[in-house]
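Examination of the molecular architecture
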Amino acid sequence: MSKSYGKFKSVGALRGSNTEFYRKRNQYMRRKNRFILSNLLKKFSIDDVADYYSGFRLPKKDTWAEPTDGTLKIDAKWLNGYELNGLYTYKGKYIKK
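What this report covers is the structure whose coordinates are included nearby. No experiment lies behind these values; they were computed from the predicted model shown.

The rules behind these values
Residues numbered from 1 in each chain as written. Predicted model: local features only at pLDDT ≥ 70, side-chain atom pairs only at ≥ 80, totals over all residues. Heavy atoms only, no water. Patch = residues over 30% accessible without salt bridge, like charges linked within 9 Å, V, L, I, M, F, W, Y side chains within 5 Å. Areas by Shrake-Rupley, 256 points an atom, 1.4 Å probe, with all protein chains shown as cover. Salt bridge = Lys/Arg side-chain N within 4 Å of Asp/Glu carboxyl O. Buried < 20%, exposed > 50% of the residue type's maximum accessible area, 1.4 Å probe, protein only. Helix = DSSP H or I, 4+ residues; strand = E, 2+ residues; numbered from the N terminus. Phe/Tyr/Trp six-rings, centres within 6.5 Å; stacked < 30°, edge-to-face > 60°. Lys NZ or Arg CZ within 6 Å of the ring centre and 35° of its normal.

The next thing to look at is a nonpolar patch on the surface. Taken together, Leu37, Leu41 and Ile46 make up a surface patch of nonpolar side chains, about 280 Å² in accessible area. A residue is classified by how much of its surface remains accessible, and Leu37, at 32% relative accessible area, is partly exposed.

This paragraph deals with the pattern of salt bridges. On inspection of all chains with the given rule, the structure shows 2 salt bridges. When the shortest N-O distance is used, the salt bridge between Glu20 and Arg23 registers 3.8 Å. Here Glu20 pairs with Arg23, and both are found in helix α1 (residues 19-43), just 3 residues apart, close to one helical turn. Note on Arg23: relative accessible area 53%, which makes it exposed. The residue Glu66 makes a salt bridge to Lys61 at a minimum N-O spacing of 3.6 Å. Since its relative accessible area comes to 58%, Lys61 is described here as exposed.

What follows deals with the packing of aromatic side chains. Enumeration according to the criterion identifies 2 aromatic pairs in this entry. Here Phe21 and Tyr22 contribute two aromatic rings whose centre-to-centre distance is 5.0 Å and whose plane-to-plane angle is 75°, an arrangement assigned as edge-to-face. Here Phe21 falls in the partly exposed class, since its relative accessible area comes to 22%. With a centroid separation of 6.0 Å and 85° between ring planes, the pair formed by Tyr28 and Phe56 is classed as edge-to-face. Of this pair, Tyr28 sits in helix α1 while Phe56 sits in the loop between α2 (46-52) and β3 (71-75); the two residues are 28 residues apart in sequence, bridging distant segments of the chain. A relative accessible area of 36% places Tyr28 in the partly exposed class. Phe56 gets classed as partly exposed once you look at its relative accessible area, which sits at 22%. Above the ring of Phe56, the side-chain terminus of Lys32 is found at 5.5 Å from the ring centroid.

Structural data, given as structure tokens:
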């Protein structure tokens, strides 16, 4: 199998997983929607609730609030001839992907 080389390589800034963050976030949305819906049902009939309730939504992806910092794009100049976690330069201008 051949190795692939490129001018840039995306590398994770911090190790970790965002799974628990998004689980808690979805749990918060479900709890908030349940709370809003129960309060509306106390005040209005079930037929009128559809007119007042639109649902509480958060964006599907929130990269700024995630516990890990996403990725960095590095190039051969950044590595400067050194090896970093199995990444190395090739011909001084490419990075092994």
